[in-house]
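Analysis of the macromolecular model
Spelled out, the chains give:
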Amino acid sequence: MPIASVTVLGAGVLGSQIAFQTAYCGFPVVAYDISEAALVAGRERCDGLALRYEKEVSGAAGGAAQASRARIRFSADLADAVAEADLVIEAAPEQLALKRELYGQLGRVAPERTIFATNSSTLLPSAMAAFTGRPARFLALHFANQIWRHNVAEVMGHPDTDPAVFTELVAFAEDIGMVPIPVHKEQPGYVLNSLLVPLLNAALLLLVEGVADPEMVDRTWTIGTGAPAGPFAILDTIGLRTPYHIAAASNDPRFLKVAAHLKEHYLDQGKFGRESGEGFYRYT
Ligand code: NAD
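Residues numbered from 1 in each chain as written. Predicted model: local features only at pLDDT ≥ 70, side-chain atom pairs only at ≥ 80, totals over all residues. Heavy atoms only, no water.

The next subject is the state of the cysteines. Enumeration according to the criterion identifies zero disulfides in this entry. Looking at C25, it has no disulfide partner, and the nearest cysteine sulfur is the one in C46, 14 Å off. (Disulfide = S-S within 2.5 Å.)

Below, the structure is given as structure tokens:
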């Protein structure tokens, strides 16, 4: 049965983008979050997305973005939010215990036909599958931040995902304007982060070990490969808190040096990357 109705769990940064993009492509969407306060924030994010789409997405001005916003219904009642859903996309906080608990509740209230997909960046579907009550209808559908621009959707099952469900999700990803990336086996980091994270780590090590400065690393990468941005420009876009937290949690002394460098020279000086106007580069 084709997917006609979608519910997104968690109306945070990614959940609101997934809800908005899905609505923009004509689907009725329910956005679920845990409290009225969280829903207020989710509504505001979607209002902001309507304005961004009007500016940045061709064809969105003149009513299309606002009409998409009107296709999103908000609910803080899980049973109500998923009652009609053919597909539930989960974009709740990145905590395994929280997601397991949520899938337990969801499995009890969602219709039997409903497919569940997680947008988790770092947790493998097999770590949550048993908690869904329907492992064959569960898999990952992973989006990138700023979904309307960076429109890849990585589709990744676990060993018990029904291949027909996998195929259905690949088709759905296309229906909402994504370029689907079928990932053939479970892989931490999917395809994109399996490539990107080692590049960013290598760049940070070149910096803290005094081999080259950010501008030179980025120039080497952009001129040498033709890529539009180098690793330090990418880090500024991601925001410098994320690489700091990852490096600080490492057991490797080289990455502890990276964390100390990021803290002293950037975070402690209010330089968080593009969002704060300065990171490795200055932004106006
Ligand atoms: P976020 O903190 O912005 O949003 C999480 C939302 O979930 C909040 O609105 C919160 O109120 C809500 N929430 C809390 N408890 C919940 C529960 N029990 N059930 C449902 N919702 C609950 O986080 P985010 O950045 O949107 O990340 C969400 C997921 O998306 C994570 O799994 C993350 O790995 C993934 N992701 C994030 C990015 C990114 O760039 N931020 C990119 C790709 C994937």
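Nonpolar side chains in soluble globular proteins tend to end up buried together. Residues Y53, I72, L87, L141, F143, L169 and F172 are the most contacted members of the largest nonpolar core, which totals 41 residues. Element by element, the count of residues in this core is highest for helix α6 (residues 163-175), at six residues. Residues in contact with L141, not counting those within four places in the same chain, are I89, A117, T118, N119, A153, E154, V155, L169, F172 and A173. Counting 21 residues, the second-largest nonpolar core is a separate cluster that includes L205, A247, F255 and L267. (Core = buried A, V, L, I, M, F, W, Y, C linked by side-chain atoms within 4.5 Å. Buried < 20%, exposed > 50% of the residue type's maximum accessible area, 1.4 Å probe, protein only. Helix = DSSP H or I, 4+ residues; strand = E, 2+ residues; numbered from the N terminus. Contact = heavy atoms within 4.5 Å.)

In the contact formed by helix α7 (residues 192-208) and helix α11 (residues 253-265), the axes pass within 10 Å of each other and the chain directions differ by 75 degrees. Taken together, the axes of α7 and α11 are roughly perpendicular relative to one another. Residue-level inspection shows N201, L204, L205, L207 and V208 of α7 in contact with α11, the latter providing R254, F255, K257, V258, H261 and L262. Within the contact of α7 with α11, the residues separate by chemical class into seven nonpolar, two polar and two charged. (Axes fitted to C-alpha atoms, helices over the stretch in contact; angles between N-to-C directions. Parallel < 35°, antiparallel > 145°, perpendicular 65-115°, else oblique. Nonpolar A, V, L, I, M, F, W, Y, C, P; charged D, E, K, R; others polar.)

This part covers the packing of helix α10 (residues 241-248) against α11. Remark: α10 packs on α11, axes separated minimally by 8 Å, with the N-to-C direction vectors making an angle of 145 degrees. The handedness of the crossing between α10 and α11 is left-handed. Residues P243, Y244, A247 and A248 of α10 lie in contact with α11, whose contacting residues are F255, L256, V258, A259, L262 and K263. Here the contact of α10 with α11 is built from residues that sort into nine nonpolar, no polar and one charged. (Left-handed = near helix turned anticlockwise from the far one by under 90°.)

Turning to the pattern of salt bridges, a few remarks are in order. Evaluation of the coordinates by the stated rule reveals 12 salt bridges. Across the pair R241 and E275 runs a salt bridge, and its minimum N-O distance is 2.8 Å. Of this pair, R241 sits in helix α10 while E275 sits in the segment after α11, and the two are 34 residues apart along the sequence. Judged by relative accessible area, which is 58%, E275 ranks as exposed. The residue R282 makes a salt bridge to E278 at a minimum N-O spacing of 3.2 Å. Linked through salt bridges whose partners overlap, the residues forming this network are R52, E56 and R149. (Salt bridge = Lys/Arg side-chain N within 4 Å of Asp/Glu carboxyl O.)

Further remarks concern the site of the ligand. Lining the immediate surroundings of the ligand are 22 residues, of which V13, L14, D33, E94 and K99 lie closest. D33 places a polar side-chain atom, nitrogen or oxygen, 2.6 Å from an oxygen atom of the ligand. Between the ligand and the protein, one listed contact pairs an oxygen atom with a backbone N or O atom of S121 at 3.1 Å. Within the residue set of the shell around the ligand, elements represented by two or more residues are α1 (13-24), α5 (96-109) and β6 (138-143). For the shell around the ligand, the leading source of residues is α5, giving three residues. For the shell around the ligand, the residue count by class is 12 nonpolar, seven polar and three charged. (Near = heavy atom within 4 Å. Polar contact = N/O pair within 3.5 Å; in protein donor to acceptor, adjacent residues only side chain to side chain.)

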